[in-house]
Amino acid sequence: MPRRLLLILCLLVPITAAAQSFAPAGWDAGLPLAEVPDLNPDPTIVEVNLTAKLADVEVSPGKRVHAWTYNGAIPGPLIKTRVGDRLIVHFKNELKEPSTVHWHGIRLPIEMDGVPGISQPEVQQGESFTYDFIVRDAGLYWYHPHVMSAAQVGFGLYGGLLVEDPNDGVGVADQVTLVLSDIGFDNKGVLEPADSGGSAGMVFGREGDYVLVNGRTDPVLRARPGAPQRWRIANMAKSRFFYLDLEGQPFTVIGADGGLQEYSVTTDILLVTPGERVDVIVAPKGKAGTPLTLRAMLYNRGYGSVQYRAVEDIMTVEFTDQPPITAAPVKVSRPLPVPTAEGATPVDVVLTLPPMENSKSEFRVNGVPFWKAKPFLAKLGETQLWIVNNESEWDHPFHLHGFFFQVIDDKGQPVRPLAWKDTVNVPMKTTVRLLVTFDERPGEWMFHCHILDHADGGLMGTVLVGPVAPTGHVHPKPPPR
Ligand SMILES: [Cu+2]
């Protein structure tokens, strides 16, 4: 087609707050997420049933896995709420093993945090537990068990919780939630054991052979050339990092774990570590018949993560033959408080992996694994500067329950753009500083590496936010490895 004609055909479409949909019909039908009915007629209450049970799930044509699921699907259903809603979840456990539901990133009361032995008893087979809390902050969050986490998440127990703000001003109508994960199983559909590879498997962080987007291998998303799409991405894999490349086309990052960030930034490659979420705008350019591939590039998170490994295709973007759109770049801003580390209580958090003893490895925080650790202490309302020093030769996505934090540089200044985070990668042999204010919610809150094999291998701890009477709680023994 002559270039001039192409230019004439191009539509210059202003993107305004009154969002207009450009995506072709059925554009996201290849990436469906299970839904769950809202049982409550009150428009400000979302009330759902969530059942943990075994189910056969097809993740790739002809490839079925006997998985652990919420409501029979991988991922579990996407729970949709609006900011300020009350969410009631009637959880039932139909698995033989005990379980719980933890609400990753949500600022909720400790009784709803889903950690067995700390915030609630384990939910045994046949038992139920009702979670009931207000979703205070817009953003994409997620849920998963906090019992044998590496096993249960790895076997398929995870799902998204989308808290939408109808007035967020992003102005992009075509939105899709992308749940990134993986799963390992054999040709009979039997799950790879959670202890495969023994201590070395724990140290590496086990990855499944099937890389999934919304529970499918290499699904297809359709796009009108140049039209903006909003991708809400969450990494729910138990260990796998996703280092995303869309054949060099830009991602405009507008938000992080806890909603929109201070201002948008553009990048050609996007790292999403386990537990993290990113909110991005993509306006893929191309033409019908020449699809783009979203790829997971190699990222060095420790020995074995780049050696003998290949780039993986994880999703295909196909173009319609509609005329391309030239859209103004999406710019989103959100005023966030500029934090200061002045006056914050410094807290050293040193992560180590000592040499093996008796052919076993354990990760340690300040010299001890989780099962020997005493809680950190914080006063209600206290601001602390956590200096997380990773002395090991493995990256650790560091996650704090119940509170957002902001990342501070080594001069005490906030990293820009400002963003609320609940999970941040601490690369090997580096130090990351987090500023956190423990607000009005007392309790014993967990922090841990979100490579869940590392968490089970000792890299966990708790912070006791007072005033709380000492619970006398005894940390669980290490899992058999
Ligand atoms: Cu780790």
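*Asks:* So, the coordination of the copper ion: which residues are in play, and what are the values?
*Replies:* Protein coordination at the copper ion comes from His396 (ND1), Cys449 (SG) and His454 (ND1), with a distance range of 2.0 to 2.1 Å. Of note, the donors binding the copper ion are all from one chain and are spaced H-x52-C-x4-H.

*Asks:* Break down the side chain of Asp439 for me, with residues and values.
*Replies:* Its place among the elements puts Asp439 in the loop between strand S29 (430-437) and strand S30 (443-449). Apart from the residues within four sequence positions on either side, Asp439 is in contact with Arg107, Arg136, Leu380, Gly381 and Phe403.

*Asks:* Can you tell me about the packing of aromatic side chains, naming the residues and giving the values?
*Replies:* The way to describe two aromatic rings as a pair is by their centre distance and the angle between their planes. If you walk through the whole model with that rule in mind, you get 20 aromatic pairs. Ring centres 6.5 Å apart and planes at 70° place the aromatic pair Tyr70 and Phe91 in the edge-to-face group. Here the residue Tyr70 occupies a position in strand S3 (residues 63-70), and Phe91 occupies one in strand S5 (residues 86-93), the gap between them amounting to 21 residues. Residue classification places Tyr70 among the buried positions, given a relative accessible area of 0%.

*Asks:* Provide a residue-level description of the pairing of S3, including the pertinent values.
*Replies:* As paired elements, strand S2 (residues 45-60) and S3 share eight bridges and run antiparallel to each other. Within S3, the residue paired with Ala55 across the bridge is Ala67. The hairpin turn running from S2 into S3, its antiparallel successor, is two residues long, and Gly62 in that turn takes a positive phi close to 80°.

*Asks:* Please set out the side chain of His450 residue by residue, giving values where relevant.
*Replies:* Tracing the chain through its elements places His450 in the loop between S30 and helix H4 (452-456). At 3.2 Å, the side chain of His450 forms a polar contact with the side chain of His104.

*Asks:* Tell me what's going on with empty space enclosed by the protein, and back it up with residues and numbers.
*Replies:* Counting across every chain of the model gives four cavities of 30 Å³ or more. What the largest cavity holds in volume is close to 160 Å³. Around the largest cavity sit 14 residues that line it, and Phe241, Met297, Tyr299, Ser305 and Arg309 are the ones nearest its centre. Looking at side-chain class alone, the lining of the largest cavity contains eight nonpolar, one polar and five charged residues. Within this model, the second largest cavity holds a volume of roughly 110 Å³. By residue class, the composition of the lining of the second largest cavity is four nonpolar, four polar and five charged.

*Asks:* Tell me what's going on with the environment of Ile106, and back it up with residues and numbers.
*Replies:* With respect to the element layout, Ile106 can be found in the loop between strand S6 (102-104) and strand S7 (128-134). Look past the residues within four positions of Ile106 in its chain and what remains in contact with it is Phe133, Val135, Tyr141, Leu161 and Gly402.

*Asks:* Could you give an account of the nonpolar core, with specific residues and numbers?
*Replies:* Of all hydrophobic cores here, the largest spans 85 residues; its most connected members are Trp103 and Trp386. Tallying contributions element by element places S2 first for this core, with seven residues. For Trp103, the residues in contact, after removing those within four places along its chain, are Ile79, Leu87, Val89, Leu108, Met112, Asp113, Tyr131, Phe133, Trp142, Tyr143 and Leu161. Grouped together as the second largest cluster of nonpolar side chains are 30 residues, Leu31, Leu178, Val278 and Phe319 included.

*Asks:* Talk me through the sheet that holds S2; I want residue IDs and the actual numbers.
*Replies:* What the four strands build is an open sheet, ordered S3-S2-S5-S7; its pairing is mixed. Each of the sheet's edge strands pairs with one partner strand only, and the pair in question is S3 and S7. The average angle at which neighbouring strand axes cross in this sheet is 30°, direction not considered. Sheet topology places S5 next to S7; seven bridges connect them, and they run antiparallel. The residue of S7 that forms the bridge with His90 is Thr130.

*Asks:* Could you give me a rundown of the sheet that holds strand S27 (residues 406-408), with the residues and numbers involved?
*Replies:* The sheet built from five strands is open, its strands ordered S23-S22-S25-S29-S27 with mixed pairing. The open sheet terminates on both sides in strands that have one partner only, identified here as strand S23 (364-365) and S27. Alignment of S27 against S29, held across three bridges, turns out to be antiparallel. Counted as the bridge partner of Ile408 is Arg433 from S29.

*Asks:* I'd like a rundown of the layout of surface pockets, residues and numbers included.
*Replies:* If you add up the space inside the largest pocket, you get close to 660 Å³. Along the wall of the largest pocket there are 26 residues; nearest its centre are Gln261, Leu271, Glu276, Lys421 and Val424. Counting only elements with at least two residues in the lining of the largest pocket, the list comes to strand S15 (251-256), strand S16 (259-267), strand S17 (269-272), S27 and strand S28 (423-426). Its residues assigned to classes, the lining of the largest pocket comprises 17 nonpolar, six polar and three charged. When residues are assigned to domains, the lining of the largest pocket turns out to be shared by domain 1 (3-12 + 172-327) and domain 3 (345-465), each giving three or more.

*Asks:* An account of the domain arrangement of the protein is requested, with residue identities and associated values reported.
*Replies:* Per the domain assignment, the segments of the protein are domain 1 (3-12 + 172-327), domain 2 (45-164) and domain 3 (345-465). The gap between the C-alpha centroids of domain 1 and domain 3 is 27 Å. Opposite the 29 residues of domain 1 that make contact, domain 3 presents 29 residues. On the domain 1 side of the contact with domain 3, Met202, Val203 and Glu262 bury the most area, a combined 25% of that side's loss. Counting across the interface, domain 1 meets domain 3 through five salt bridges. For Asp257, the salt bridge identified is with Lys421, shortest N-O distance 3.3 Å. Here domain 1 is connected to domain 3 by 15 residue pairs in polar contact (both at pLDDT 80 or more). Elements supplying a minimum of two residues to the side of domain 1 that touches domain 3: helix H3 (198-204) and S16.

*Asks:* Report on the environment of Asn40, specifying residues and quantitative values.
*Replies:* Along the chain, Asn40 falls in the loop between strand S1 (11-13) and S2. Separated by 329 residues in sequence, Asn40 and Pro369 have C-alpha atoms that sit 44 Å apart. At a separation of 2.9 Å, a polar atom in the side chain of Asn40 contacts the main-chain amide nitrogen of Asp42. Of note is the side chain of Asn40, whose polar atom sits 2.9 Å from the side chain of Glu47.

Conventions and cut-offs
Residues numbered from 1 in each chain as written. Predicted model: local features only at pLDDT ≥ 70, side-chain atom pairs only at ≥ 80, totals over all residues. Heavy atoms only, no water. Donors = N, O, S within 2.8 Å, 3.2 Å for Na, K, Ca; no water. Helix = DSSP H or I, 4+ residues; strand = E, 2+ residues; numbered from the N terminus. Contact = heavy atoms within 4.5 Å. Phe/Tyr/Trp six-rings, centres within 6.5 Å; stacked < 30°, edge-to-face > 60°. Buried < 20%, exposed > 50% of the residue type's maximum accessible area, 1.4 Å probe, protein only. Pairing = 2+ DSSP bridges. Polar contact = N/O pair within 3.5 Å; in protein donor to acceptor, adjacent residues only side chain to side chain. 1 Å grid on protein atoms, 1.4 Å probe; cavity = no way out; pocket = protein on both sides within 12 Å on 5 of 7 lines; lining within 4 Å. Points joined across faces, edges and corners; volume = space filled by probe spheres on them. Nonpolar A, V, L, I, M, F, W, Y, C, P; charged D, E, K, R; others polar. Core = buried A, V, L, I, M, F, W, Y, C linked by side-chain atoms within 4.5 Å. Axes fitted to C-alpha atoms, helices over the stretch in contact; angles between N-to-C directions. Domains from an automatic or database assignment. Buried area = accessible area lost by both parts, 1.4 Å probe. Salt bridge = Lys/Arg side-chain N within 4 Å of Asp/Glu carboxyl O.

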